[in-house]
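Structural overview
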Amino acid sequence: MSDLRWVIWLIPTLPLLGAVATLLLARGERAAGMIATAAAGLSFVATLVAVWVLQTMPAEAARIESVAWTWIDVASFRVSFGLLFDRLTAVMALLITGVGSLIHVYSLGYMRGDSRPERFFAYLNLFVAAMLLLVMADNLVLLFLGWEGVGLCSFLLIGHYFDRRSVPPGIVPAEAATKAFVVNRIGDAAFLLAIMLIFSRLGSVSFLPNATLGTPGYLERAAELAFVDVQLGPLGSIGVLTAIGLLMLIGVCGKSAQLPLSTWLPDAMAGPTPVSALIHAATMVTAGVYLIVRNHGVFSAAPTAASWVVGVGAVTALLAALSAATQFDLKRVLAYSTISQLGYMVAAVGMGAYAAGMFHLLTHGLFKALLFLAAGALIHALHDVQDMRRMGGLRQHLPFTFRVYLVGALALAGIFPLAGFWSKDEIIAHAWFTAQNPAIALILIASAAVTAFYMGRQVALIFYGQPREAHAAAHDPHGSMRWPLVVLAVGAAIGGVLNLPGVHWLSSWLEPTLAEPEAVYSVGKAVMAVIVTAIAVGGGYLGWWLYARVVDGNIVPGKTDPALYYLGDIWRGAELGWGLDWLYDRAIVRPYRQCSAFLGRVVDGEALDGLLVGGTGRTFVALARGVRAVQSGHARRGLAVFLLGVVVLLAALLAMTMR
Amino acid sequence: MMFQISDVPRLLPELMLAVLALLVLGSDVLERWADDPAARRERGRAAAQLTGIGLGLIWLVTLVQGGLAFTIAPAGAAGPLDALLSLGRNLQAGGAERGALLGAFATDGITVMARLLLIGAALVVALLAGDHLPDAHPAEFFTLLLLATLGMCVMAAAQELIIAFVALECSSIALYVLAGYSARQPAAAEAGMKYLLFGVVSSAVLLYGMSLAYGVTASIGGADGGPPRVNTSFAAIAEAVRVADVAQRGAVMLAVTLMIAGVAYKLALVPFHSWAPDVYQGASPTVAAFLAAASKTAGVFLLVRVLTAAFPDVAGAAGANGFTGWAALLALLALSTLVLGNLAALPQDVTRRLLAYSSISHAGFLALALLPLGGAAPLRDAASAALLYYLVVALIGSLAAFGALAALQAAGVADRLEDLAGLRQRNPLLAAVLTIAIASMAGLPPLAGFTAKFAVFVGAWEAGAAWLVVIALVTTVIALAYYLRVLRPIWMQPADDRPTVSVAPVTAVTLALAALALIALGVLPGPLWQLAQAAVLAR
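These remarks concern the structure in this document. (Residues numbered from 1 in each chain as written. Chains lettered and ligands numbered in written order. Predicted model: local features only at pLDDT ≥ 70, side-chain atom pairs only at ≥ 80, totals over all residues. Heavy atoms only, no water.)

Residues and elements named next belong to chain A. Note on placement: Asp-329 falls in the loop between helix 12 (303–324) and helix 13 (330–350). We note that Asp-329 is buried and unpaired, the nearest opposite charge coming from Arg-332 at a distance of 6.0 Å. A distance of 3.4 Å separates a polar atom in the side chain of Asp-329 from a polar atom in the side chain of Gln-386. In contact with Asp-329, not counting residues within four places along its chain, are Pro-168, Pro-169 and Gln-386. (Helix = DSSP H or I, 4+ residues; strand = E, 2+ residues; numbered from the N terminus. Buried < 20%, exposed > 50% of the residue type's maximum accessible area, 1.4 Å probe, protein only. Lys, Arg positive; Asp, Glu negative; His and termini not counted. Salt bridge = Lys/Arg side-chain N within 4 Å of Asp/Glu carboxyl O. Polar contact = N/O pair within 3.5 Å; in protein donor to acceptor, adjacent residues only side chain to side chain. Contact = heavy atoms within 4.5 Å.)

Counting from both sides, the interface comprises 22 residues of chain A and, opposite them, 33 residues of chain B. Here chain A is connected to chain B by zero salt bridges. The tally of links from chain A across to chain B stands at zero residue pairs in polar contact (both at pLDDT 80 or more). Residue assignment for the side of chain A that touches chain B shows that the elements contributing at least two residues are helix 23 (580–630) and helix 24 (635–658) of chain A. When residues in the side of chain A that touches chain B are grouped by element, the largest group, 13 residues, is from helix 24 of chain A. Residue composition of the side of chain A that touches chain B, grouped by class: 16 nonpolar, four polar and two charged. (Nonpolar A, V, L, I, M, F, W, Y, C, P; charged D, E, K, R; others polar.)

Right, let's talk about a nonpolar patch on the surface for a bit. All names here are of chain A. Together, Trp-483, Val-486, Val-487, Val-490, Ile-494, Val-497, Val-503 and Trp-505 line one region of the surface with nonpolar side chains, adding up to about 720 Å² of accessible area. A total of five residues in the nonpolar patch trace back to one element, the largest contributor, which is helix 18 (residues 483–494). Tracing the sequence through the fold places Val-503 in the loop between helix 18 and helix 19 (505–514). Judged by its relative accessible area of 38%, Val-503 falls in the partly exposed class. (Patch = residues over 30% accessible without salt bridge, like charges linked within 9 Å, V, L, I, M, F, W, Y side chains within 5 Å. Areas by Shrake-Rupley, 256 points an atom, 1.4 Å probe, with all protein chains shown as cover.)

Applying the stated criterion across every chain, the model contains 23 salt bridges over all chains. Put simply, Lys179(A) and Asp267(A) hold a salt bridge, and the shortest N to O gap is 2.9 Å. Within this pair, whereas Lys179(A) is found in helix 6 (residues 173–202), its partner Asp267(A) is found in helix 8 (residues 264–267), the two being separated by 88 residues in sequence. Given a relative accessible area of 14%, Asp267(A) falls into the buried group. Salt-bridge contacts for Arg485(B) lead to Asp349(B); the nearest nitrogen and oxygen are separated by 3.0 Å. Taken together, the positions of Arg485(B) in helix 19 (residues 466–492) and Asp349(B) in the loop between helix 13 (325–345) and helix 14 (351–370) put the pair 136 residues apart, joining distant regions of the chain. For Arg485(B), a relative accessible area of 26% corresponds to the partly exposed category. On the basis of relative accessible area, Asp349(B) is assigned to the partly exposed category, the value being 29%. Several salt bridges share partner residues, and in doing so they unite Lys179(A), Asp267(A), Arg332(A) and Asp581(A) into one network.

As a further point, take the packing of helix 3 (residues 37–66) of chain B against helix 6 (residues 138–157) of chain B. Residue and element names in this part refer to chain B. Running from amino to carboxyl end, helix 3 crosses helix 6 at an angle of 20 degrees, the nearest separation of the two axes being 8 Å. Considering their axes alone, helix 3 and helix 6 lie roughly parallel with respect to each other. Relative to helix 6, helix 3 is oriented so that their crossing is right-handed. Residue-level contacts link Arg-40, Gly-44, Ala-47, Ala-48, Thr-51 and Leu-55 of helix 3 to Pro-138, Ala-139, Phe-142 and Leu-146 of helix 6. Residues that form the contact of helix 3 with helix 6 fall into these classes: seven nonpolar, two polar and one charged. (Axes fitted to C-alpha atoms, helices over the stretch in contact; angles between N-to-C directions. Parallel < 35°, antiparallel > 145°, perpendicular 65-115°, else oblique. Left-handed = near helix turned anticlockwise from the far one by under 90°.)

The next subject is the nonpolar core. In terms of nonpolar packing, the biggest core is built from 208 residues, with Phe311(B) and Trp326(B) touching the most fellow members. The element contributing the most residues to this core is helix 15 (residues 377–410) of chain B, with 20 residues. By size, the runner-up hydrophobic cluster in this structure holds 193 residues, among which are Met131(A), Val275(A), Ala321(A) and Leu514(A). (Core = buried A, V, L, I, M, F, W, Y, C linked by side-chain atoms within 4.5 Å.)

Below you can see the structure in the form of structure tokens.
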């Protein structure tokens, strides 16, 4: 079906056109929403067609490559503007356009009455386009374009309410947007260095050999460099691939909010809730995971870098889960939960469990989008209340929201047979049996217990117990906000079928791209799954029981959690995100501000502007006054100057001759 | 020096200028049937139109005859245009390679370029002047304009001392009268008087230098036993300089110095400049445009002729590898002109006075561009092309800027900077033209002034005068300060209740074309650059 290859160009182009059309043509909320939603939906259809085309190809050559033009051509640095649509990309593109379309539809209802709907929908479409470019790029430079594009859209959408001084729980949207952008830049800089290192050492930035440009692909060359070092001068040396892997890991930490660059994501919740669902849960933050999977050739040849990836992922999974357990803001719980789940994925792909990581990425995309959208429905129903201490007992008022939220929560907690169970279990099993790394497996199991605990706590706080505040007018969502929830709830419930043990559609679908050995299923794994599920059920029940039954009466708006009394500083530390913000504020932000204040006031203001610039100007003006004084306009004096000039010239001549 | 019939086509543009001057004057004499204001205006318009049409024709003839921009193919099949084409073919065949007047008058590419520039400048000035005629005797105004142009053209082609001096005086005397043409205005009378005084002194200095140069030729022939072959031609002087001994070299350098000083007055190089601000301010703005554009260009061409034809052996250098010869003198003049001209421009409040100083500082760039002309062939040719390029751009820029000021004055706008306030609302076209002209003078890309300055800098740098280029760059920055002072009231101050400015259509079109040329030459420097190179190489 080579005739339909061009359809892959439609996938990113349609949302891009949608963004332009929304910005330029749409006037009014309805028109903007319709154009943007149609663009996203059509892009989803195009993706389906492309996947079908891919399906008709033989498995070993299942990829569509298309080069539009040579983007950069400087000496040996040749970069194509080309797309690569293989099975890995197909998975990502389906998630992005599918969940993206649903969230567009949801936004139609959620953003009703917003003051800047055209802007919102245009940026949302632009985000989808950039994200698709990121996953469809056939080289690192173009991928970086998408990488920066999604960062920009994230910045723009977090700051959607830039005119508000504060949104719950006390975040300034404009500052949160800037923070997200700046923290991401740190990762981006490292990623850029990784790209440069790849080009300088591997001679290409294309993933695969590019016939149009005649450039080799760097992935297949990576293994050649396994034992080559980069000299770092007095710092010794480091393996090339290790250096590339570590630099990429920093990039991943920025984009996927891993420790220590995770601090931007909780604040990013200042954006509208559909944005949180699409960008900061389902898609953009998974770009880091995609990057590692795409570069699996580099990481599998660089064990040091890969073990760092695992470590970062596992530690993030646990610490962020603990943070999630202590939050009272509805969306902040979910934000920390996202960081934690991304930690799972990063740990998985670091261990080489690429298919498991992608599986969890997919199921997480479904159930976390569901949770965020349901949270949005709650916020809508309660008129912008996000503090869980002001909720409670909402089960009766909002039965539909309760049910879909429960599906999402159980899926996230990893309860059999919902989607999260299958994907999370696969990662833990891989850590224990394939990677044989019990420490990591235990951390991940502990995280799973904490995950179940905080979801139980959240469900209890929101839906059970006594209503702590009257929400008489609260009602379930309907119309365009309702059925995306249904679709996602179904997805979160049965998403596990994608990669059931024994069937493993996803693994075999990705097998030609990832060349990963097929997972073997044993009795041990089944026992493991039962144990992990039991722990999760226990954790979840504990969370629910504690907050719905035991301390129910002690939850008061504005007061601290009763658990603080027992856990003290640990609880406080978790609540504050382990003090990273505090550390960055003291170690970087304040010294930087003081330094720039000094530079601005003293160096620039006094020295450069005052002495150098102003002084130069004053000097010349003074000189000019002197010259003007000579220039009186008297003919006699002018003639004298004239003749004096002749004399001076003759004197100069004499001086030159004498020398 | 002897006139031959075959010189007629070689001197065709000059002869046509002379004939046109007589025609303008004569037709006006025949038209003097009344002396009321309406009749006088009618006569003035007739003279302006005749001058404009005539100059346009002469410019076209020069363009075709010069054959720099294009050559007409040899006779082919007879077509509807063949009569016209064969006329052009005849003209091109007549532009003889050997000079006219037995070599006393060069007819090379530089002459063609000079004619195109000077006649073109006169044409623009005539077009501008047609819309604001002088109070009295308009025909004489245009006659003098034409005679001055004639003098300049001959000056630019002179290969001989007497022709050079007579041509210089021909243009100067006409310009003295033109500068003080509106004699009822005291400022104009003062301008004319000052211009005359300085002109006379400079002529004396120039003549002194010329007589010394003439004296040096007595040495040729004397050495090999024959009688001394005294001669006034540049070629003879060059030969005498070549064989001169150390003692005679002193006289040679004295001659060079005095001649440079004499011509430097035309260019308004510091310290020979003090007439310029008063004259530019006092004379009518169209005359000021002519002075700034054409007279200066003619002076540069005369310097090029004298220095490269008569004194190539004492060129010297102005760089790290020596500081001798006329290159060093020019470097000193360029230095003083760039520094003092730009500094003096800073505190000016009168627009035309400010532009006068800017014009003085441009002379500094011209001196800088003249520096490398004594060097070796490839460098010299590139530098000559750069000089021609700069001349074209500076000429168009001066015409546009002073032309815009002339239009403003004709509309009754006073001459101070604050009177330009809100010009963007009062007349957007003039605001745009003035802005483009001034930005080009300041050397801002992508306008032509940038390319021109860049070419001159490259030439001087490669000639070794890097230090001077650095100073010139610094003065360019200073210059930006006063150029912006002109632009600020135009764009950033409100018009308040100042009236709108109306411009006559011919003036508007002329100025717009000049501004467009500045943009076009800046964006596409190629064609003019090739033309300049062709002019340099067409010996």
